[in-house]
Amino acid sequence: MAEVRWLDDVEQEAWRAFLGASQRVREALDRQLQRDAGMPHAYYLILAMLSEADERTLTMTDLARRTRSSPSRLSHAVAKLEVKGWVRRGRHSGDHRTTLATLTDTGLAELEATAPGHVAQARAALFDHLTPEQVRQLRDICTAVVAGAERELPDRP
C-alpha cells in the first residue's frame, strides 16, 4: 500500500477553508432559490444548461454531463420539471433510443424571473468578498481542479 501523503499545515488550512466556503455558498444559493422560486439549485442548473443549448434542447446524456449529475438523479429531476411544465422530454428523431430534454417557454420565463435573484445571491455569497484578481485566481484554480478530476474519472457524467 502506498504511503499516505498527509496534508501539511498550509494545505490543511486551505482544505478546511475550501470546504467551509463551498458549503456556505451552496447553502446560500439553495436557500435563495427555495425561497424565491421553490426549486433546489440542481433544478436551476438544469434550466440554465438547457437555456444555453441550441434550440434549448440537449440529450439527457449531455445534460447529465453538463450538470455533473447521475442519469437516474437527472431523470428524477427532469420528471419534476416536466410536471411544472418547465421541461419537455421526447425522443430524438434520428435515434429513438435517445431522449431529449427541451426547456419550454414557461421554463425559460421561470429561469428569467429567477436569474436576477440568483445572480445577486452569488455576488453576495462569493464575489463581493473577492478582488478582481482573486476572482481570476478562483477561476483558474477551479478550472484546474475540474480538469484534473475529469482526467481521473473520464467515464463520469
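Look a little higher up for the structure.
The sections below set out a description of the structure shown in this document. Note that the structure is predicted; figures quoted are calculated from it, not measured.

Here we come to the packing of helix 2 (residues 41–52) against helix 3 (residues 60–67). One can describe the packing of helix 2 onto helix 3 by two numbers: an axis separation of 10 Å at closest approach and a directional angle of 120 degrees. Here helix 2 and helix 3 pass one another in a crossing that is right-handed. Contacts between helix 2 and helix 3 involve Leu45, Ile46, Met49 and Leu50 on the former and, on the latter, Leu63, Arg66 and Thr67. Grouping the constituent residues of the contact of helix 2 with helix 3 by class yields 5 nonpolar, 1 polar and 1 charged.

For the rest of this paragraph, the subject is the packing of helix 2 against helix 4 (residues 71–84). Helix-helix packing is described using two parameters, namely the angle between the two axes and the distance between the axes. One can describe the packing of helix 2 onto helix 4 by two numbers: an axis separation of 10 Å at closest approach and a directional angle of 80 degrees. By the angle between their directions, the pair helix 2 and helix 4 is classed as roughly perpendicular. From helix 2, Tyr43, Ile46 and Leu47 reach across to helix 4, where they touch Leu74, Ala77, Val78, Lys80 and Leu81.

Rules used in this analysis
- Residues numbered from 1 in each chain as written.
- Predicted model: local features only at pLDDT ≥ 70, side-chain atom pairs only at ≥ 80, totals over all residues.
- Heavy atoms only, no water.
- Axes fitted to C-alpha atoms, helices over the stretch in contact; angles between N-to-C directions.
- Helix = DSSP H or I, 4+ residues; strand = E, 2+ residues; numbered from the N terminus.
- Left-handed = near helix turned anticlockwise from the far one by under 90°.
- Contact = heavy atoms within 4.5 Å.
- Nonpolar A, V, L, I, M, F, W, Y, C, P; charged D, E, K, R; others polar.
- Parallel < 35°, antiparallel > 145°, perpendicular 65-115°, else oblique.

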